[in-house]
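Residue strings, one per chain:
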Amino acid sequence: MNHSIKSVDIESATAFIRHELRTPINAIVGYGEMVQEELTDASSPLAEELDALLVEAQKLLEAINLFVKHSDGEEKSDFHKLFSTIPHSTNSSITKIILSCNNLLKAEECVNQLGLTEDIKKIELAALRLQGLVNNIESIFTNFLESLNPVHEADLSPQLTSASSSTTNEIILGSIKTNSIEGRELLTGKILVVDDSPSNLDLFFQHLTRKGHTVTTCLSAKEALNLLESQSYDLILLDLLMPETNGDQFLEYLKTSVEFQHIPVIIVSALDEFQSIIRCIEMGAEDFLPKPFDPVLLKARIGSSLEKKRLRDQEKLYTQQVEALSKIMAKELEKGRQMQKNFLPAHLLTRKGWEFTAYFSPAQQLAGDFYDLFELPGDRLGVVVADVCDKGVGAALFMGLFRSLIRIFSGQAALDGLINPSFNLPGGQDLKINLNDLLDGVNFEPLESIKLINNYVAFNHSEASMFATIFFGILEPSTGKLSYINGGHEPVFIVDANHQLKAKLTSTGPAVGMLPDLEFKTGAVILEPGDLLLSYTDGVTEAKSPTGNFFGKEKLLEALGSQFNSVDQLMLNIKNSLGEHMGEAEQFDDITLLAVKFQAS
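Residues numbered from 1 in each chain as written. Predicted model: local features only at pLDDT ≥ 70, side-chain atom pairs only at ≥ 80, totals over all residues. Heavy atoms only, no water.

Caption draft 1: Region of interest: the sheet that holds strand β7 (residues 369-376). Taking strand neighbours across the sheet as the criterion, the five strands line up as β7-β8-β9-β10-β13 in an open arrangement whose pairing is antiparallel. Of all the strands in the sheet, just β7 and β13 (523-526) have a single pairing partner and so form its edges. Here the strands of the sheet are splayed against their neighbours by 15° on average, with no regard to which way each runs. Here strand β10 (residues 481-487) pairs with β13 via four bridges, running antiparallel. Counted as the bridge partner of Y484 is G523 from β13. Against the sheet, helix α15 (residues 393-410) makes contact with β7, β8 (380-388) and β9 (468-476), and its axis sits at roughly 15° relative to β7, the strand it touches most. (Pairing = 2+ DSSP bridges. Helix = DSSP H or I, 4+ residues; strand = E, 2+ residues; numbered from the N terminus. Axes fitted to C-alpha atoms, helices over the stretch in contact; angles between N-to-C directions. Contact = heavy atoms within 4.5 Å.)

Now the structure itself:
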């Protein structure tokens, strides 16, 4: 290497390289140890993957320490040979670390139970950065030297000349975005300098404005605060020893202020005691530089701080945009919730000798569960409890579809006059026939609607892969007869007047809408005076406690077996029991119940 490059520059460049290589390794080890601790506490088998990752990180550290030892030796001229050994000694371990991160990120345990995804991604990012550094280390070294002591290409050794002039290496350096000085020259900002010495302020002003920054100077913390309240700044350079309010007092105020705490602060002071440095960093200072400041180091620290400030501003803007979008989405979802409520009965029917009640609690603003109770031709009642697969908007849309199809195909719409008079009429009667006479002449088989609905959904919406479990009962209030189809739904419980379990109405067919032409058998049962029927969705039995235990059918049967004066009292008992079981746990699924009781005479 040519003697025009000073030995002190070589030492600075070597120290810079050491710092750049050690920084991502420190991140790998630091985050790796935190993840390892979480996995070990959870007795996870994935802890072995972290053990192997940390072993590779230790190998990397040893390789870098070996580089440090050689670079401090007497043979300072043979850097090309020294640099060539770095990728060879590190790439294998880096690749293994990246592969371990990929394996961990795919593990369901990390993502869903331990919430360690972000830390693992940080390990992976540090490993990728280290890979970029070691593969371009000679170019980075040359780039740093040129920033310290610009020379002509002829002054450099052939090896370093080739590396610095290579178009390919310049492109690679640009793409990996190293922490080199050149990479930060384009980053400028509005800087506020606070120092009680006019000469220091002038020096900062001259130096920083030449680098393209917009600089404002002031002599006291009080003046600085007035400036901060009138305009925004990207960075503050702050002296510690000042009249009236010391720099550390002003720093403490800034970092406890909601308005100013996100502005990075670099302490530049003649005080270099270790305790002063620790105190300022603990209070939130971005960095601490001694006076007289090193221009290259100051430039690097300003570039780093402005980059962090820019990222924070972007994050803040993104957060504001997300919050605004969330408010819009919340309003739209609330509109959807109100519209979906319209698909549920506004008021349950009343029939002499019968009690009806229902409870509905969606897990989200929009639900896939629904219940229904409606009149049918022939003085019959339709009783429905259904659960559309999945949750959220998609399930809510299909909930409306299933509910409407049940009413239309079962004949309920005919009671509202919504019937084609030419449909299924014996003898082709006059279109102007009286509605009551028309309904008497039409042979309504409401349970056939399940087959029609199944085929309609399977034929027209198969690509959506949506289906529903449905209990659909046809009740004859005058006799207590209940004909039903249970399409893959939870068993319906019937208890007698003594609260003893009398029957379970289990599945008579598959879930509705999965495939065309499925078979659905019809069941029938006679409800006697005092009998109570309860239908529900799996959100009841699968409600979880804070420890993860299910509510289960047993607790539901316990509620049915307890004493209650009315179906409303029963529903309140079940609701309270669910609340006690779930406690502060999150509700993961919609909860729906519908009770029908034949009053004792």
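Caption draft 2: Fine view of the nonpolar core. Counting residues in each nonpolar core, the largest one holds 46 residues, and the members touching the most others are F402, I470, F472 and L505. Listed in part, the 39 residues of the second largest apolar core include A57, I98, L116 and F141. (Core = buried A, V, L, I, M, F, W, Y, C linked by side-chain atoms within 4.5 Å. Buried < 20%, exposed > 50% of the residue type's maximum accessible area, 1.4 Å probe, protein only.)

Caption draft 3: Focus on the environment of Y456. Its location among the elements puts Y456 in helix α18 (residues 448-460). A sequence separation of 57 residues divides Y456 from G513, and the C-alpha atoms of the two residues are 7.6 Å apart. Here Y456 is in contact with L401, L405 and H461, once residues within four sequence places are set aside.

Caption draft 4: Focus on the sheet that holds strand β12 (residues 501-505). As summarised here, the arrangement of the five strands in space is β6-β15-β14-β11-β12, forming an open sheet in which the pairing is antiparallel. For this open sheet the edge positions go to β6 (354-361) and β12, each flanked by a neighbour on one side alone. On average, adjacent strands in this sheet sit at an angle of 15° to one another, irrespective of strand direction. As paired strands, strand β11 (residues 492-495) and β12 are joined by four bridges and run antiparallel to one another. Across the sheet, residue V492 finds its bridge partner in β12, namely L505.

Caption draft 5: Representation of the packing of aromatic side chains in the model. In this structure the tally under the stated criterion is four aromatic pairs. Between W354 and F598, the ring centres sit 4.2 Å apart and the planes meet at 15°, which makes this aromatic pair stacked. Here F598 lies in strand β15 (residues 591-598) and W354 lies in strand β6, a separation of 244 residues in the sequence. Here W354 and F598 have matching classes, each one buried. (Phe/Tyr/Trp six-rings, centres within 6.5 Å; stacked < 30°, edge-to-face > 60°.)

Caption draft 6: Seen up close, the pattern of salt bridges. Across all of its chains, the model carries 16 salt bridges by this definition. Among the ionic pairs, E332 bridges to K335, the shortest N-O distance being 3.6 Å. Of this pair, E332 and K335 are both found in helix α14 (residues 295-341), three residues apart, which corresponds to roughly one turn of the helix. When its relative accessible area of 44% is taken as the criterion, E332 is described as partly exposed. Here E375 makes a salt bridge to R351, at a shortest N to O gap of 2.7 Å. (Salt bridge = Lys/Arg side-chain N within 4 Å of Asp/Glu carboxyl O.)

Caption draft 7: Spatial organisation of the packing of helix α11 (residues 221-230) against helix α12 (residues 247-256). Interaxial distance between α11 and α12 falls to 10 Å at its minimum, and their mutual angle equals 25°. Considering their axes alone, α11 and α12 lie roughly parallel with respect to each other. α12 is crossed by α11, and the crossing has right-handed handedness. Seen from α11, the contacting residues are A221, A224, L225 and L228; seen from α12, they are F250, Y253 and L254. Across the contact of α11 with α12, the residue classes tally to seven nonpolar, no polar and no charged. (Parallel < 35°, antiparallel > 145°, perpendicular 65-115°, else oblique. Left-handed = near helix turned anticlockwise from the far one by under 90°. Nonpolar A, V, L, I, M, F, W, Y, C, P; charged D, E, K, R; others polar.)

Caption draft 8: Quick peek at a nonpolar patch on the surface. Where nonpolar side chains cluster on the molecular surface, the patch consists of I408, F409, L452 and Y456 and spans about 350 Å² of accessible area. For the nonpolar patch, the secondary-structure elements that each account for two or more residues are α15 and α18. On the secondary structure map, I408 appears in helix α15. Looking at I408, the relative accessible area reads 51%, which means it is exposed. (Patch = residues over 30% accessible without salt bridge, like charges linked within 9 Å, V, L, I, M, F, W, Y side chains within 5 Å. Areas by Shrake-Rupley, 256 points an atom, 1.4 Å probe, with all protein chains shown as cover.)

Caption draft 9: Looking closely at the pairing of strand β1 (residues 190-194). The buried fraction of β1 amounts to four of the five residues, a majority that puts the element mostly inside the structure. Examined bridge by bridge, β1 and strand β2 (residues 214-218) share five bridges and lie parallel to one another. Looking at β2, one finds that I191 is bridged to V215. In this fold, the crossover linking β1 to β2 by way of helix α10 (residues 198-210) has right-handed handedness. (Right-handed = clockwise from strand over helix to strand, strands pointing away.)

Caption draft 10: Quick look at the packing of helix α20 (residues 552-561) against helix α21 (residues 567-582). Relative orientation of the contacting elements α20 and α21 amounts to 145°, with a least axis distance of 10 Å. As α20 runs across α21, the sense of the crossing is right-handed. Contacts from K555, L556, A559 and L560 of α20 reach α21 at L570, I574 and H581. Partitioning the contact of α20 with α21 into residue classes produces five nonpolar, one polar and one charged.

Caption draft 11: Region of interest: the pairing of strand β3 (residues 235-238). Burial along β3 is two-sided: the residues L235 and L237 and I236 and L238 are all buried. Pairing of β1 with β3 involves four bridges; the strand directions are parallel. Looking across to β3, one finds that V193 is bridged to L237. Between the parallel pair β3 and strand β4 (residues 265-269), the chain is carried across by α12, and the sense of this crossover is right-handed.

Shape is all these values report; function is a separate question.
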